[in-house]
Amino acid sequence: MRCLIIHNPASGPRSDEIFAFAHALSRADDEVVFRFIGDGMEPEDATRDARSFDRVVASGGDGSVSSILYQLRDTGVPVLVFPSGTSNLFFNNIGNAPEPAALAQACRAGKTAQVDMGELSWKDENGEERRHGFIIIAGTGFDAEIMQKAEASHGDMGEIAYFLSALSTPSPQVAHFTIEHDGQVDELDGIGCMAGNTAVIQNEINLFPNCRMDDGLIDIAVIEPAKLVELLPTVIAGMLDPAGKGLGRPQFKLFQAREARVTVTPSLGMEFDGEVIPGKPTEFSARALPKCLNLIIDRFSSLA
Ligand SMILES: [Mg+2]
């Protein structure tokens, strides 16, 4: 078996576990190639000959994994996501057993599921068209602000950083959204608009109740204006009702689409999978890339 492991050595405190994985994986007659992304090696360099391998392992946190997977879209190569970052939400969504030895076993077995990615496109500060894949969420407004604030405390706070930062936004900016989704147009006021590929955001909290990463659709959520006091119950409700079905999400307007084009006035900043996009785009598109990834799963996976 020829296995390519693409690893971000700066991914976080669990960064060394990938070596335990490689140890558990390796057998006679295998070829295991390590490529370390960072300065001098971008995900596109590391994945150039990916099709010549039997397996590719994407190891890092959500940001690195998102960038690696985007490069691997439509290659058909079985890809294993290895959770070595501070936040591994996408891995949690896949639901594989997290121990390195168990992941090595799944990698060798090579059982896969076809899943979607989202793709975000926007114009940068110089008016150039830009594109990037996302595996969890991309969006504008409240969400970008949460991510920005969370960044500073990311290393220490890990998974609860997002919620703490949500609570420290006293009066979020309200903007007007025009959303064209699969031929329909909606005009809404809101403090943010997110496109989701997967449902679970943090700590089992389900932001998009019926969201699946294998239905060929992205889930759009517009967060309607609310004072922090009104937002609080959503956070608490999410903790009490992880599946998001009983209590509902009254402040969210939700819909599903293959593709959506969003205009926002004024710009509220943008992010994808926790990475903040420089500049202030006032327009973006998000679409589903259906079944573009061939993800390795085990019998615990919700995708099985
Ligand atoms: Mg979906």
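Right, let's walk through the structure included here. The model shown is predicted, which means the values in this text are computed figures rather than measured ones.

**Points about the coordination of the magnesium ion**
So, point 1. With distances of 2.1 to 2.3 Å, the protein atoms coordinating the magnesium ion are Arg212 (O), Asp215 (OD) and Leu217 (O).
So, point 2. Positions of the donor residues of the magnesium ion, expressed as sequence spacing, correspond to R-x2-D-x1-L.
So, point 3. Arg212 sits in the partly exposed class, given a relative accessible area of 42%.
So, point 4. Judged by relative accessible area, Asp215 falls into the partly exposed class, the value being 31%.

**Side note on the pairing of strand β3 (residues 55-60)**
So, point 1. Of all six residues that make up β3, six are buried, and the element is covered over most of its length.
So, point 2. Where strand β1 (residues 2-7) and β3 come together, five bridges link them in parallel fashion. Paired with Cys3 across the bridge in β3 is Arg55.
So, point 3. Two elements, β3 and strand β4 (residues 78-83), share five bridges in a ladder whose sense is parallel. Counted as the bridge partner of Val56 is Val79 from β4.
So, point 4. Since β3 and β4 lie parallel, the crossover through helix α3 (residues 62-72) that links them has a hand, and here it is right-handed.

**Quick word on the side chain of His7**
So, point 1. Along the chain, His7 falls in strand β1.
So, point 2. The class for His7 is buried, based on a relative accessible area of 1%.
So, point 3. Not counting residues up to four positions away in its chain, the partners in contact with His7 are Ser15, Ile18, Arg35, Phe36, Ile37, Ser59 and Ser84.

**So, the side chain of Arg35**
So, point 1. In this fold, Arg35 is placed in strand β2 (residues 31-36).
So, point 2. Excluding residues within four positions of it along the chain, Arg35 makes contact with Leu4, Ile5, Ile6, His7, Met41, Ala46, Asp49 and Phe53.

**Considering the packing of aromatic side chains**
So, point 1. Scanning the entire structure with this criterion turns up five aromatic pairs.
So, point 2. With centroids separated by 6.4 Å and ring planes inclined at 35°, the aromatic side chains of Trp122 and Phe272 adopt a geometry described as tilted. One end of the pair, Trp122, is in strand β5 (residues 112-123); the other, Phe272, is in strand β14 (residues 270-272), with 150 residues separating them in the sequence.
So, point 3. The exposure class of Trp122 is buried, given its relative accessible area of 6%.
So, point 4. One aromatic cluster is present, built from ring pairs that chain together Phe19, Phe34 and Phe36.
So, point 5. When the ring centre of Phe53 is taken as reference, the NZ or CZ atom of Arg2 above it lies at 4.3 Å.

**A closer look at the nonpolar core**
So, point 1. If you look at the biggest cluster of nonpolar residues, it comprises 55 residues, and the most contacted ones within it are Phe21, Val57, Leu69 and Phe90.
So, point 2. Beyond its immediate stretch of four places on either side in the chain, Leu69 contacts Ala58, Val79, Val81, Phe90, Met117, Ile135 and Leu293.
So, point 3. Core analysis: the next-biggest nonpolar cluster, separate from the first, contains 24 residues, Ala138, Cys193, Ile220 and Met270 among them.

**Some details on helix α1 (residues 17-25)**
So, point 1. Among the residues of α1, those classed as buried are Ile18, Phe21, Ala22 and Leu25. Taken down its axis, α1 places every buried residue within 95° of arc, on the same side.
So, point 2. Looking at the buried side of α1, the elements it contacts are β1, β2, β3, β4 and α5 (100-109).

**Concerning the layout of surface pockets**
So, point 1. If you add up the space inside the largest pocket, you get close to 660 Å³.
So, point 2. If you go around the largest pocket, you meet 31 residues; those closest to its centre are Gly63, Ser64, Asp273, Gly274 and Glu275.
So, point 3. Sorting the residues of the lining of the largest pocket by element identifies α3, β6 (129-134), α6 (142-157) and β15 (275-277) as the ones contributing at least two each.
So, point 4. No other element matches α3, which puts four residues into the lining of the largest pocket.
So, point 5. For the lining of the largest pocket, a count of residues per class yields 10 nonpolar, 13 polar and eight charged.

Quick notes on the rules
- Residues numbered from 1 in each chain as written.
- Predicted model: local features only at pLDDT ≥ 70, side-chain atom pairs only at ≥ 80, totals over all residues.
- Heavy atoms only, no water.
- Donors = N, O, S within 2.8 Å, 3.2 Å for Na, K, Ca; no water.
- Buried < 20%, exposed > 50% of the residue type's maximum accessible area, 1.4 Å probe, protein only.
- Helix = DSSP H or I, 4+ residues; strand = E, 2+ residues; numbered from the N terminus.
- Pairing = 2+ DSSP bridges.
- Right-handed = clockwise from strand over helix to strand, strands pointing away.
- Contact = heavy atoms within 4.5 Å.
- Phe/Tyr/Trp six-rings, centres within 6.5 Å; stacked < 30°, edge-to-face > 60°.
- Lys NZ or Arg CZ within 6 Å of the ring centre and 35° of its normal.
- Core = buried A, V, L, I, M, F, W, Y, C linked by side-chain atoms within 4.5 Å.
- Arc of directions from axis to C-beta.
- 1 Å grid on protein atoms, 1.4 Å probe; cavity = no way out; pocket = protein on both sides within 12 Å on 5 of 7 lines; lining within 4 Å.
- Points joined across faces, edges and corners; volume = space filled by probe spheres on them.
- Nonpolar A, V, L, I, M, F, W, Y, C, P; charged D, E, K, R; others polar.

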